[in-house]
Amino acid sequence: MERTLRYLFAMLCGALPAILLFFLLRPLRGRRLERRGLTSPRRREFALALLWMYCGGAAILGLTPRWVVPALANLPAGGGWNEAGRPFFSPGTVSLIPFQTFSYSAYILIANVVMFTPFGCFAALLFRNFSWKRALLTGACITLFIETCQLFIGRTFDIDDLMLNTLGVFGGFLLGAAVKRLFPQFAAGLAVRTAP
């Protein structure tokens with residue numbers, strides 16, 4: 001439970017600047033929609049804000065060295081930022097042998113899938129014509145980008161992470177598609193509309 005709380009706090013640290021950026025860019029997006037004769041309903045804006053917050057949090061977890069999350073978790077307890085001098089950029093390692101991670105704890109396996117589920121779910125609900133093929137391709141591309149970046153921040157490019165994270169995006173897509181089918185009126189509130 002403590003580990004999960006540390007991750008959630010670290011995600012919050014990434015979500016706050018992401019939501020600020022979302023609101024700073026919102027007028028530009030609004031003008032672009034207006035030029036196309038479209039409008040974005042409140043429910044869609046709220047969902048987009050959540051997606052931005054999630055992406056900011058995921059960036060902190062996936063695109064920073066391992067020491068960043070514990071350092072952030074120490075801040076509320078008054079621990080301060082004691083990581084001065086620790087390198088942000090350093091060479092990582094590569095693990096191309098499949099199913100090695102599967103020998104680790106169930107927590108790691110589940111976290112790798114669940115962590116990427118929102119990508120697929122939000123995409124299925126917010127973007128038109130987001131098919132299962134696009135979900136798999138998007139999941140693979142996002143994860144490949146993150147895993148490649150980890151080579152430069154002292155972490156590991158892991159083929160198992162690539163598979164599990166892509167599975168998470170695909171599972172999220174299936175969840176989003178189910179919500180659209182079961183709750184069509186709710187899903188309709190997440191689509192852009194023709195401006196009145």
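Refer to the structure printed above.
Fair warning: this is a prediction, and the values are worked out from it, not measured in the lab.

Student: Residue-level account of helix α5 (residues 117-126), with values.
Tutor: In terms of residue burial, α5 counts as a mostly covered element, since 9 of its 10 residues are buried. When α5 is considered as a whole, its buried residues turn out to be Thr117, Phe119, Gly120, Cys121, Phe122, Ala123, Ala124, Leu125 and Leu126.

Student: Talk me through the packing of α5 against helix α7 (residues 159-182); I want residue IDs and the actual numbers.
Tutor: A packed helix pair is summarised by two numbers, namely the angle formed by the two axes and the spacing between the axes. One can describe the packing of α5 onto α7 by two numbers: an axis separation of 6 Å at closest approach and a directional angle of 35°. Between α5 and α7 the crossing geometry is right-handed. Across from Thr117, Phe119, Gly120, Cys121, Ala124 and Leu125 in α5, the residues of α7 making contact are Gly168, Val169, Gly171, Gly172, Phe173, Leu175, Gly176, Ala177, Val179 and Lys180.

Student: Any details on unusual backbone geometry? Residues and values, ideally.
Tutor: Most peptide bonds take the trans configuration, and most residues that are not glycine carry a negative phi. Backbone geometry places phenylalanine 99, a non-glycine residue, at a positive phi of 70°. Along the chain, phenylalanine 99 turns up in the loop between β2 (93-95) and α4 (106-114). Positive phi, normally seen in glycine, also occurs at asparagine 129, with a value near 60°. Mapping asparagine 129 onto the fold places it in the loop between α5 and α6 (132-150).

Student: Break down the packing of aromatic side chains for me, citing the residues and quoting the values.
Tutor: Inspection of the entire model under this criterion finds 7 aromatic pairs. When the centroid spacing of 4.9 Å and the interplanar angle of 75° are considered together, the rings of tyrosine 54 and phenylalanine 119 count as edge-to-face. One end of the pair, tyrosine 54, is in helix α2 (residues 42-62); the other, phenylalanine 119, is in helix α5, with 65 residues separating them in the sequence. On the basis of relative accessible area, tyrosine 54 is assigned to the buried category, the value being 11%. For phenylalanine 119, a relative accessible area of 13% translates into the label buried. Ring centres of phenylalanine 88 and phenylalanine 89 lie 5.0 Å apart, and the angle between their planes is 70°; on these two criteria the pair is classed as edge-to-face. Residue classification places phenylalanine 88 among the partly exposed positions, given a relative accessible area of 32%. Ring pairs connect the aromatic residues Phe22, Phe23 and Trp52, which therefore count as one cluster.

Student: Summarise a nonpolar patch on the surface; cite the residues concerned and give the values.
Tutor: Nonpolar side chains collect at one region of the surface, where Leu20, Leu21, Leu24, Leu25 and Leu28 lie side by side and expose about 460 Å² of accessible area between them. Leucine 20 sits in the exposed class, given a relative accessible area of 53%.

Student: Go over a positive patch on the surface with me, naming the residues and quoting the values.
Tutor: Together, Arg31, Arg32, Arg35, Arg36 and Arg128 give the surface a local cluster of positive charge. Positionally, arginine 36 belongs in the loop between α1 (2-35) and β1 (38-39).

Student: Can you lay out the side chain of threonine 143 for me, pointing to particular residues and giving the numbers?
Tutor: The residue threonine 143 is located in helix α6 in this model. The contacts of threonine 143, once residues within four sequence positions are left out, are Phe116, Asp161, Leu162, Asn165 and Thr166.

Student: Please provide a residue-by-residue account of the nonpolar core, values included.
Tutor: Counting residues in hydrophobic clusters, the biggest one holds 16 residues, and the most contacted among them are Ala10, Tyr54, Leu61, Met115, Phe116 and Phe119. Elements with a contribution of two residues or more to this core: α1, α2 and α3 (68-74). Setting aside anything within four residues of it in sequence, one finds phenylalanine 119 in contact with Tyr54, Cys55, Ala58, Ile142 and Val169.

Student: Give a description of the environment of alanine 58 that names residues and reports values.
Tutor: Within the fold, alanine 58 resides in helix α2. Using a relative accessible area of 7% as the deciding quantity, one classes alanine 58 as buried. Sequence-wise, alanine 58 and glutamine 185 are 127 residues apart; in three dimensions their C-alpha atoms are separated by 29 Å.

Student: Please give an account of the pattern of salt bridges that cites residues and values.
Tutor: Taken as a whole, this structure holds 2 salt bridges when the rule is applied. Taking the shortest distance from any N to any O, the salt bridge between glutamate 45 and arginine 26 comes out at 2.9 Å. With glutamate 45 in helix α2 and arginine 26 in helix α1, the pair connects residues that are 19 residues apart, well separated along the chain. Residue classification places arginine 26 among the partly exposed positions, given a relative accessible area of 36%. A salt bridge links glutamate 45 to arginine 29, with the shortest nitrogen-to-oxygen separation between them at 2.5 Å. Note that glutamate 45 is positioned in helix α2 and arginine 29 in helix α1, a separation of 16 residues in sequence. Of the residues examined, glutamate 45 reaches a relative accessible area of 8% and is grouped as buried. Given the relative accessible area of 22%, arginine 29 is considered partly exposed. Sharing partners across several salt bridges, the network here consists of Arg26, Arg29 and Glu45.

What counts and how
- Residues numbered from 1 in each chain as written.
- Predicted model: local features only at pLDDT ≥ 70, side-chain atom pairs only at ≥ 80, totals over all residues.
- Heavy atoms only, no water.
- Buried < 20%, exposed > 50% of the residue type's maximum accessible area, 1.4 Å probe, protein only.
- Helix = DSSP H or I, 4+ residues; strand = E, 2+ residues; numbered from the N terminus.
- Axes fitted to C-alpha atoms, helices over the stretch in contact; angles between N-to-C directions.
- Left-handed = near helix turned anticlockwise from the far one by under 90°.
- Contact = heavy atoms within 4.5 Å.
- Phe/Tyr/Trp six-rings, centres within 6.5 Å; stacked < 30°, edge-to-face > 60°.
- Patch = residues over 30% accessible without salt bridge, like charges linked within 9 Å, V, L, I, M, F, W, Y side chains within 5 Å.
- Areas by Shrake-Rupley, 256 points an atom, 1.4 Å probe, with all protein chains shown as cover.
- Salt bridge = Lys/Arg side-chain N within 4 Å of Asp/Glu carboxyl O.
- Lys, Arg positive; Asp, Glu negative; His and termini not counted.
- Charge placed at Lys NZ, Arg CZ, Asp CG, Glu CD.
- Core = buried A, V, L, I, M, F, W, Y, C linked by side-chain atoms within 4.5 Å.

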